[in-house]
Amino acid sequence: MVMSYKKSQVTDVRSDKQSVSPSWLSAELAIIIEADAALSELLAPVQRWLNVLSVRNHSPHTLTAYFAGLNQLALFLRGKCLTWTRCDKRQLAQHISQRLDEDKLALASVQQELSAIRHFYGWLIEEDLARINPTTGYQLKRSPRPLPSIADVDLLTQLLDQEIPDTPEQARLWLRDKAMFELLYSSGLRVGELVALDIVDVDLAELRVRVTGKGNKTRLVPLGIKAADAIRRYLPHRNLWVEQMDSALFISEKLGTRLSTRAVQQRLKVAATRAGIAQNMYPHLLRHCFASHMLSGSGDLRAVQEMLGHSDISTTQIYTHVDFAKLTQVYDRAHPRATHVSKDSDSTL
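Description of the structure in this document. If you're wondering where the values come from, they're calculated on a predicted model, not measured in any experiment.

### Observations concerning the overall build of the protein chain
In terms of regular secondary structure, the protein chain is built from 15 helices and 3 strands. With 349 residues in all, the protein chain has 43% of them scored as buried. Counting contacts in the protein chain only where the partners sit at least 6 residues apart, residues at least 24 apart contribute 60% of the total. For the protein chain, the exposed area adds up to about 19700 Å²; of that, 52% sits on carbon and sulfur atoms.

Here it is, written out as structure tokens:
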């Protein structure tokens with residue numbers, strides 16, 4: 001039995017294909033879906049939901065992942081001649097078990113699919129296309145979330161306060177790179193947020209930066225004095241390099257246009273090597289360091305959450321575990337009743 005929908009509520013996959021395929025659907029997959037009437041009808045409300053999310057500025061990557069997960073469940077339901085409204089907890093558990101045991105999908109990937117299913121059913125209920133969300137109360141056992149890598153303050157000082165290169169070309173590039181790295185660490189930006197900054201987003205007088213983060217949400221973040229000074233030293237070079245009135249803050253010297261995230265990653269590795277740093281350095285590490293050092297110094301979890309742009313405080317709470325790990329090390333070294341035994345101590349009686 002195939003679930004029917006009102007024509008006004010259904011997005012026809014074939015009409016999408018005839019115009020422009022949406023970002024989450026390849027042309028090849030669109031042809032396969034069009035040839036399968038039952039699958040096409042199951043996926044019609046999925047397409048409509050993803051269109052709604054697309055208008056709300058969800059990223060193409062997110063939409064593609066959502067479609068992939070829901071397509072798998074649609075294939076499962078089609079194989080059992082079921083519809084979205086006839087999928088209960090038992091059927092959902094069977095599908096999830098199949099994804100884990102037979103398809104050998106990683107737990108994190110299945111959790112992502114389950115999240116897509118949960119949100120989709122929430123939308124179906126809002127649209128009066130379903131009454132029950134089978135994911136309600138259904139949870140997978142979460143694997144322990146790995147703690148982020150953190151560099152200490154001395155290592156960051158070694159990176160950011162290194163000597164300026166000897167050659168004029170490398171010296172100019174370092175002024176830009178230092179401004180980028182200072183800003184990443186000063187304000188806890190994601191690398192995508194960094195390269196998306198326009199010159200008008202940075203207020204050097206008020207020491208703040210306007211950041212557009214995930215979901216196109218904007219936040220104001222404090223700007224450190226050293227970051228502001230580094231940006232001031234870089235700006236004259238930026239104004240010489242820029243082409244076609246590009247509004248980007250960070251510009252490629254060769255192209256005169258907005259710098260890419262890949263370029264930032266590469267430049268950080270170059271700077272780390274030049275500073276004699278053996279640890280793997282990448283832009284998100286500077287964001288991790290910002291969060292950990294801010295939390296360690298202030299203890300204000302909510303403020304750090306706001307500056308990082310986390311919608312859920314549980315995401316920020318991981319940095320409390322990083323700080324606790326440091327406390328444990330101090331405790332083991334210092335407390336007379338701790339289990340730690342110094343290598344220098346005499347263990348014989």
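Read on, since the account is not over.
### Quick word on the side chain of Arg219
Of note, Arg219 is situated in strand E3 (residues 218–222). By relative accessible area, Arg219 is classed as buried at 9%. A distance of 2.9 Å separates a polar atom in the side chain of Arg219 from a polar atom in the side chain of Glu193.

### Thoughts on the sheet that holds E3
Each strand in a sheet pairs with another by means of backbone hydrogen bonds, the pair being arranged parallel or else antiparallel. Strand order across the open sheet formed by 3 strands is E1-E2-E3, with antiparallel pairing between neighbours. Each edge of the open sheet carries a strand with a single partner, namely strand E1 (202–203) and E3. Note: E1 against strand E2 (residues 208–212), 2 bridges, orientation antiparallel. Bridge pairing in E2 links Val202 to Val209.

### Looking at the pattern of salt bridges
Counted under the stated rule, the structure contains 15 salt bridges. Here Lys178 and Asp161 are joined by a salt bridge, their closest N and O atoms 3.9 Å apart. Of this pair, Lys178 sits in helix H8 (residues 168–187) while Asp161 is found in the loop between helix H7 (153–160) and H8, placing the two residues 17 residues apart along the sequence. The exposure class of Asp161 is partly exposed, given its relative accessible area of 45%. Ionic pairing is found between Arg219 and Glu193, a salt bridge with its closest N-O pair at 2.9 Å. Here the residue Arg219 occupies a position in strand E3, and Glu193 occupies one in helix H9 (residues 191–196), the gap between them amounting to 26 residues.

### Things to note about the packing of aromatic side chains
Inspection of every chain in the model, using the stated rule, returns 9 aromatic pairs. Pairing Phe120 with Trp123 gives two aromatic rings, centres 6.2 Å apart and planes at 20°, and the pair type is stacked. Placement of the pair is Phe120 and Trp123 together in helix H6 (residues 107–126), with a separation of 3 residues, close to one helical turn. Here Phe120 matches Trp123 in class, with each residue buried. The interplanar angle of 55° and the centroid separation of 6.3 Å between the aromatic rings of Trp174 and Phe181 together place this pair among those described as tilted. Taken together, the ring pairs connect Trp49, Tyr66, Trp84, Phe120, Tyr121 and Trp123 into an aromatic cluster.

### Quick word on the nonpolar core
Formed by 52 residues in total, the largest nonpolar core has its most connected members in Phe181, Leu183, Phe250, Val264 and Met281. Among the elements of the structure, H7, H8, H9, E2, helix H10 (225–241), helix H11 (261–274), helix H12 (283–298) and helix H13 (301–308) are those that each provide at least two residues to this core. Look past the residues within four positions of Phe181 in its chain and what remains in contact with it is Leu160, Trp174, Val264, Arg267, Leu268, Ala271 and Leu286. The next biggest cluster of nonpolar side chains, apart from the first, holds 36 residues, and it includes Ile33, Leu43, Leu63 and Leu114.

### Section: the side chain of Lys178
Here Lys178 falls in the buried class, since its relative accessible area comes to 13%. Aside from chain neighbours lying at most four places away, what touches Lys178 is Leu160, Asp161, Ala230 and Arg233.

### Notes on the pairing of E2
Burial along E2 is one-sided: Val209 and Val211 are buried, while Arg208, Arg210 and Thr212, pointing the other way, are not. Where E1 folds back onto E2 in an antiparallel hairpin, the turn is made up of 4 residues, including Leu207, whose phi is positive at roughly 55°. In this structure, E2 lies alongside E3, joined through 5 bridges in antiparallel fashion. Across the sheet, the residue bridging to Val209 is Val221, located in E3. Between E2 and E3, which pair antiparallel one after the other, the connecting turn spans 5 residues, and Gly215 there sits at a positive phi close to 70°.

### Some remarks on the packing of H8 against H11
At a minimum axis separation of 10 Å, H8 and H11 run at an interaxial angle of 105°. Accordingly, the angle class assigned to the pair H8 and H11 is roughly perpendicular. The segment H8 lies against H11, with Gln170, Leu173, Trp174, Arg176, Asp177, Met180, Phe181 and Leu184 engaging Val264, Arg267, Leu268, Ala271 and Arg274.

### Here's the deal with unusual backbone geometry
A negative phi holds for most residues other than glycine; trans holds for most peptide bonds. Even without glycine at this site, Leu207 takes up a positive phi of about 55°. The residue Leu207 is located in the loop between E1 and E2 in this model. Notably, Gln244 is not glycine yet its phi reads approximately 55°, a positive angle. Within the secondary structure, Gln244 sits in the loop between H10 and H11. Among the residues examined, Gln244 registers a relative accessible area of 75% and is labelled exposed.

Reading guide: rules and limits
Residues numbered from 1 in each chain as written. Predicted model: local features only at pLDDT ≥ 70, side-chain atom pairs only at ≥ 80, totals over all residues. Heavy atoms only, no water. Helix = DSSP H or I, 4+ residues; strand = E, 2+ residues; numbered from the N terminus. Buried < 20%, exposed > 50% of the residue type's maximum accessible area, 1.4 Å probe, protein only. Contact = heavy atoms within 4.5 Å. Areas by Shrake-Rupley, 256 points an atom, 1.4 Å probe, with all protein chains shown as cover. Polar contact = N/O pair within 3.5 Å; in protein donor to acceptor, adjacent residues only side chain to side chain. Pairing = 2+ DSSP bridges. Salt bridge = Lys/Arg side-chain N within 4 Å of Asp/Glu carboxyl O. Phe/Tyr/Trp six-rings, centres within 6.5 Å; stacked < 30°, edge-to-face > 60°. Core = buried A, V, L, I, M, F, W, Y, C linked by side-chain atoms within 4.5 Å. Axes fitted to C-alpha atoms, helices over the stretch in contact; angles between N-to-C directions. Parallel < 35°, antiparallel > 145°, perpendicular 65-115°, else oblique.

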